[in-house]
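Understanding the architecture of this molecule
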Amino acid sequence: MAKTALVTGIRGQDGTYLGKFLLEKGYRVWGADRRSGDATHWRAKRLGIESDIHHMYMDLLEYSNVLRTLDRVQPDEIYNLAAQSFVSASFEQPIVTTTINAIGVLHLLESIRTVNPKIRFYQASTSEMFGKAQQTPQSETTPFHPRSPYGVSKVFGHWITVNYRESYGTFACCGILFNHESPLRGEEFVTRKISLAASRISRGKQDKVVLGNLDAKRDWGYAAEFVEGMWLMLQQNQADDYVLATGESHSIREFADLAFSKVGIPLQWHGDAMEARGIDSSGVVRVEVSPDYYRPAEVDALKGDATKARERLGWKPRTTFQNLVELMVESDLQYDSVV
Ligand code: NDP
Ligand code: GDR
């Protein structure tokens with residue numbers, strides 16, 4: 001019989017790719033999201049799966065809502081992708097962020113205990129938990145030192161998931177995923193902000209883009225490939241935690257370089273830090289820096305070691321950094337913004 005999956009955060013970037021992947025595997029997919037002002041399903045429409053997902057409203061903050069949802073759906077697997085996922089916003093909204101990202105996980109785990117302890121559970125942990133990284137590259141055994149309310153809240157979500165596995169035998173896995181991007185990435189995240197800006201600037205729809213710390217480095221992969229790893233974790237005999245990453249680290253500046261080159265506007269860089277400017281061949285400033293986009297505490301550099309996932313799950317990323325930048329820019333050139 002076909003398996004049933006419940007995906008929280010279905011309207012987000014990962015929820016949409018995972019929903020498509022699970023449908024292709026023959027799953028019956030229930031997609032849960034909270035009711036919000038933006039009721040569009042633009043990402044699902046883009047992937048052509050809008051009518052194949054069984055949509056429902058479920059807010060992670062409402063325990064009884066979570067409990068009733070599990071009782072109704074009776075899933076075999078739950079993928080908890082819902083979160084206040086924007087690091088920057090977590091400094092302004094630490095309490096909301098923590099309640100959703102930490103207590104929300106507990107609502108799901110408690111509901112699993114109550115409704116059906118055999119449900120398999122995936123928790124979306126993050127490389128932001130490594131924060132001020134204690135070693136490079138970061139693996140499953142690297143100590144955490146989060147640098148934002150978001151990172152701290154995710155450390156709770158991570159450990160409470162491990163705790164339910166150890167206390168009650170819940171089949172619960174944490175995927176410690178490094179940044180993964182795509183044409184479906186929200187526009188507030190730096191990669192999509194840049195790919196969209198490069199596309200618009202090349203068509204005269206925008207003059208320049210204003211960014212924050214250009215020197216931060218991230219390990220960026222392609223989201224469509226990372227969701228495959230989430231599924232693999234729940235298909236194993238034993239529940240465990242895994243890092244998913246590419247093993248390469250690149251700066252924001254490098255991302256911008258490739259994106260602007262892709263649209264035929266190679267940049268020359270002048271100045272450092274807050275004074276940095278990306279200038280085109282006519283001398284026009286296309287990238288500028290503002291302190292408004294700096295964070296109270298920054299994660300300077302991340303690079304993941306996904307050896308465990310490769311050896312035990314057979315998972316490895318296929319899309320290179322350059323291909324990722326190019327596919328995002330190409331998509332923005334094609335669709336511009338449909339949000
Ligand atoms: P998105 O922000 O694109 O999607 C998150 C979704 O969660 C949104 O649809 C949001 O709805 C929903 N949500 C927020 N609060 C609640 C709530 N209280 N109840 C129900 N739903 C809610 O994130 P991504 O798809 O990029 O990431 C998926 C998960 O993976 C997140 O948990 C994120 O923290 C984590 N992660 C992401 C990484 C990445 O690089 N993308 C890396 C590592 C971890 P709304 O639109 O209404 O806000
Ligand atoms: P991140 O992604 O914080 O890594 O979290 P984001 O794209 O927001 O920032 C990455 C780095 O870019 C620097 N930066 C800017 N960031 C934004 N958003 N806007 C700018 O203008 C800008 N300029 C420079 C930031 O300072 C930072 O260093 C993402 C989210 O998906 C999390 O949910 C997830 O857990 C982590 O990735 C892994």
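Definitions and cut-offs
- Residues numbered from 1 in each chain as written.
- Chains lettered and ligands numbered in written order.
- Predicted model: local features only at pLDDT ≥ 70, side-chain atom pairs only at ≥ 80, totals over all residues.
- Heavy atoms only, no water.
- Axes fitted to C-alpha atoms, helices over the stretch in contact; angles between N-to-C directions.
- Helix = DSSP H or I, 4+ residues; strand = E, 2+ residues; numbered from the N terminus.
- Parallel < 35°, antiparallel > 145°, perpendicular 65-115°, else oblique.
- Left-handed = near helix turned anticlockwise from the far one by under 90°.
- Contact = heavy atoms within 4.5 Å.
- Nonpolar A, V, L, I, M, F, W, Y, C, P; charged D, E, K, R; others polar.
- Near = heavy atom within 4 Å.
- Polar contact = N/O pair within 3.5 Å; in protein donor to acceptor, adjacent residues only side chain to side chain.
- Areas by Shrake-Rupley, 256 points an atom, 1.4 Å probe, with all protein chains shown as cover.
- Pairing = 2+ DSSP bridges.
- Core = buried A, V, L, I, M, F, W, Y, C linked by side-chain atoms within 4.5 Å.
- Buried < 20%, exposed > 50% of the residue type's maximum accessible area, 1.4 Å probe, protein only.

Now for the packing of helix H3 (residues 63-73) against helix H5 (residues 94-115). In the contact formed by H3 and H5, the axes pass within 9 Å of each other and the chain directions differ by 45 degrees. Between H3 and H5, the crossing angle belongs to the class labelled oblique. Both H3 and H5 take part in a crossing whose hand is right-handed. Contacts from Tyr63, Val66, Leu67, Leu70 and Asp71 in H3 reach His107, Leu108, Glu110, Ser111, Ile112, Thr114 and Val115 in H5. Taken together, the residues of the contact of H3 with H5 sort by class into seven nonpolar, three polar and two charged.

On to the site of ligand 1. Taken together, the neighbourhood of ligand 1 is formed by 26 residues, with Asp14, Arg34, Ser85, Tyr150 and Lys154 sitting nearest. Serine 36 has a polar side-chain atom sitting 3.3 Å from an oxygen atom of ligand 1. One nitrogen or oxygen atom from the side chain of lysine 154 is found 2.8 Å from an oxygen atom belonging to ligand 1. Summarising the interface, the protein chains cover 89% of the accessible area of ligand 1, which totals 890 Å² for the free molecule.

A few words now on the sheet that holds strand S15 (residues 285-289). Two modes of strand pairing occur in sheets, parallel and antiparallel, and in both the strands are linked by backbone hydrogen bonds. Taken together, four strands build an open sheet; the order of strands is S8-S15-S14-S13 and the sheet is mixed. Taken across any chain shown, the strands that pair with only one partner, and hence form the sheet edges, are strand S8 (209-211) and strand S13 (268-270). The sheet shows a mean angle of 20 degrees between the axes of neighbouring strands, taken without regard to direction. By the bridge criterion, three bridges tie S13 to strand S14 (residues 277-279) in an arrangement that is antiparallel. Bridging across to S14, tryptophan 269 finds its partner in glycine 278. Sitting on the sheet, helix H7 (residues 190-202) touches S8 and S15, and the angle it makes with S8 is about 160 degrees. In the packing of helix H9 (residues 252-262) onto the sheet, the strands contacted are S8, S13 and S15, and the crossing angle to S13 comes to about 145 degrees.

Here S8 pairs with S15 via three bridges, running parallel. By the bridge assignment for S15, leucine 211 is matched with valine 289. Pairing geometry for S14 and S15, over three bridges, is antiparallel. Each residue of the ladder has a partner; that of arginine 277, found in S15, is glutamate 288. Linking two consecutive strands that pair antiparallel, namely S14 and S15, is a turn of five residues; a positive phi of about 85 degrees is found at glycine 283 within it.

The next thing to look at is the nonpolar core. Membership of the largest hydrophobic core comes to 73 residues, with the highest contact counts inside it found for Leu18, Leu22, Tyr79, Tyr122 and Phe260. If you tally residues by element for this core, the top one is helix H8 (residues 223-234), at nine residues. The next biggest cluster of nonpolar side chains, apart from the first, holds 21 residues, and it includes Met56, Met58, Leu60 and Ile78.

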